[in-house]
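Overview (structure and organization)
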Amino acid sequence: MKRITMFLCTLSLSLGCLSGCSQNASTTTAPAETTAAVTTTAETTAEANAEPTAPAAETALTAADMSADLVVIGAGGAGLSAAVEAADNGVENIVLLEKMASIGGTTFISQGMIAGYDTALQKEQNIELTYDQMYDNLMTNALYRLDPELTKITVENAGHTIDWLMERLEVPFTDNILVGYGPLQMMHVMGSEEAKGGMALKAPFEAALEEAGVNLMLETRGTRLVMNEDGSVAGVVAQQGGKEILIDTKAVIIATGGYAYNPELTGLLDPEMAGTFGIGHPAATGDGIIMANNVGAALTHTNHLMAVLKDYEIMANHNGNSNSANVSRFIGAPNLVLVNTNAVRFVNEKSGGYMTQELNRPIFNEMTKTDSDYVWAISDEATLAELGVTRGGEMEFLKADTVEELAGLMELDGETLKATIDSYNGYAASGNDPEFNRGAGSWAESQPMLPLEAPYVAVAVVPCEIITYGGIARNVNAEVLRADGSVIPGLFVAGEAGANSAYMGFTLSNCFTWGRIAGAGAAGYIK
């Protein structure tokens, strides 16, 4: 597997391109003069030995338009939590920047489900879980690809975070605690008659911001950081209504989310994933990650994201989105066959497992190997009809009565595809797949391997990023780190902008917990 390894190399790309040119472009764009100097630490290496120096970027504030004790960039769950926690720890002059027209980001449009243990709700219902159970469940789902030290903190605080939401913010929760993302009864559900899911957070956070006197500036996009000569944070430059604003500040918290709506940045940070499409929140363009990296912050775990297979043609040619390009039930077909553009199988189609990510890596690999933008998924008409599968955008799947005819529609070699399907059908009949061992393993054993029958159906598919797990390197206090491990004074990070301390089920817990840690840390720094 190729890995991106940039040992303190500087690659300059326009932030306007990186955050404004995704296949589904954001409605806001950054100034063209802002650049992204990418300094990446690989998942298992740290390659910087130089003494820390102040960046060559802006290092002086000459005429600030306004001043603050703390600037929080991004008003999603992490940024909101950071602002509230900083205020609770005595910070008075807080500016909260949000480039969108409303607060909440991904958090407010989520299902509002959050994992926790030893919560007040669980105690009332005599539900007992341990830290070890929670940590093992999370790490198993993530295949142990998370940062152990930071993930430990996420899990340790999971229950406290839920109690904080209920007690400090008075976020409504239902009494129904669900089993989810594994065998544990850990998923707490936000909501009331008035507001369901993540929207149950809106009114409580708005009230908390108003009570704390936080200066919320909507449709105001942070674009770059200004540094003191000693390498500490001095200010933030933002764009509002076509003009730049310079904010003098003592500390900054970056909470701008990930970059799952910016496939160009994804391809830069991990070229193996070039060709993906962004289907994350429109605000998730990596702004804060680029800003921090431009002043010396290290990036880490940038080869880790969550992607979902989507209909390539709809994404590429029909302005597709997660719903219109949905092929999840097609991919779930018991006789699914995946072939590359050489008409050859290349993977155990059911190797994805519970969290499905193990299927994406071989697909990305095959796209690179064959220099293609997609792979092909094949099933048959009867199976898809039984599953109720239809194609989005009022389009029809490719369909043919013979494999050779289908190959012609796919522009593949007919003899090769016929041999591939004949081999697969033989394996399905015998129950033995000597090429890819399909049907083996605890997950795959529950997935039948059924043969294909005419008429045959095909669609081109591509992994599309929905969550990114790589981001700004930080320590246990949410302080941003350079590649040599030194702290950038006054700069903190929280949520998806920070790297790799959560996975499915713990995404909201991660944003609230690390938002609070960053808020408390910034308050301590300011004092």
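Placed above this text is the structure.
Before going into details, it helps to say that this report is about the structure given with it.

Reading the values: the criteria
- Residues numbered from 1 in each chain as written.
- Predicted model: local features only at pLDDT ≥ 70, side-chain atom pairs only at ≥ 80, totals over all residues.
- Heavy atoms only, no water.
- Core = buried A, V, L, I, M, F, W, Y, C linked by side-chain atoms within 4.5 Å.
- Buried < 20%, exposed > 50% of the residue type's maximum accessible area, 1.4 Å probe, protein only.
- Helix = DSSP H or I, 4+ residues; strand = E, 2+ residues; numbered from the N terminus.
- Contact = heavy atoms within 4.5 Å.
- Axes fitted to C-alpha atoms, helices over the stretch in contact; angles between N-to-C directions.
- Parallel < 35°, antiparallel > 145°, perpendicular 65-115°, else oblique.
- Nonpolar A, V, L, I, M, F, W, Y, C, P; charged D, E, K, R; others polar.
- Phe/Tyr/Trp six-rings, centres within 6.5 Å; stacked < 30°, edge-to-face > 60°.
- Salt bridge = Lys/Arg side-chain N within 4 Å of Asp/Glu carboxyl O.

What follows covers the nonpolar core. By size, the foremost hydrophobic cluster in this structure holds 50 residues, and its most contacted members are F330, I378, M410 and L417. Sorting the residues of this core by element identifies α11 (312–317), α12 (328–331), β15 (337–339), α13 (357–369), β16 (375–380), α15 (403–410), α16 (414–430) and β18 (456–468) as the ones contributing at least two each. With sequence-adjacent residues up to four places away left out, I378 is seen in contact with F330, N335, L336, V337, V339, L406, M410, L417, I421, L452, V457 and A458. Counting 49 residues, the second-largest nonpolar core is a separate cluster that includes V72, A195, A251 and A523.

This paragraph deals with unusual backbone geometry. Each neighbour pair has its own omega, and for A454 with P455 the value is -5°, a cis peptide bond. Mapped onto the elements of the fold, P455 is located in the loop between α16 and β18. In this structure, D118 is a non-glycine residue whose phi angle is positive, near 60°. In this fold, D118 is placed in the loop between β5 (113–115) and α4 (120–124). Taking the relative accessible area as the measure of exposure, D118 reaches 43% and is therefore partly exposed. Even without a glycine there, the phi angle at H301 is positive, about 60°.

Turning to the packing of helix α6 (residues 148–156) against helix α17 (residues 507–526), a few remarks are in order. Packing of α6 against α17 leaves a shortest axis separation of 9 Å and a crossing angle of 100°. Here α6 lies roughly perpendicular to α17, going by the angle between them. Taken together, the residues of α17 that come into contact with α6 (itself represented by L150, I153 and T154) are S509, N510, T513, W514 and I517. When the residues that make up the contact of α6 with α17 are grouped by side-chain class, the tally is 4 nonpolar, 4 polar and no charged.

Let us look at the packing of aromatic side chains. Under the criterion given, the structure shown has 8 aromatic pairs. Ring centres of Y312 and Y374 lie 4.9 Å apart, and the angle between their planes is 45°; on these two criteria the pair is classed as tilted. Here Y312, found in helix α11, pairs with Y374, found in the loop between α13 and β16; they are 62 residues apart in sequence, far enough to count as distant. Given the relative accessible area of 22%, Y374 is considered partly exposed.

Residues L150, T151, I153, T154 and V155 constitute the buried set of α6. Summarising the contacts, the buried residues of α6 are in contact with α5 (131–141), α7 (158–167) and α17.

Let's shift gears to the pattern of salt bridges. Scanning the model with the defined rule gives 18 salt bridges in all. K250 is the salt-bridge partner of D69, the closest N and O atoms lying 3.3 Å from each other. Of this pair, D69 sits in strand β3 (residues 66–73) while K250 sits in strand β11 (residues 243–254), and the two are 181 residues apart along the sequence. Overall, the relative accessible area of 43% leaves K250 in the partly exposed class. Close ionic contact of E313 with R391 constitutes a salt bridge, the shortest N to O distance being 2.9 Å. Pair noted here: E313 is in helix α11 and R391 is in the loop between α14 (381–387) and β17 (398–400), with a separation of 78 residues, a long-range link. The buried category is assigned to R391, whose relative accessible area is 11%. By sharing partners, the salt bridges in this structure join R345, E349, D433 and R438 into a single network.

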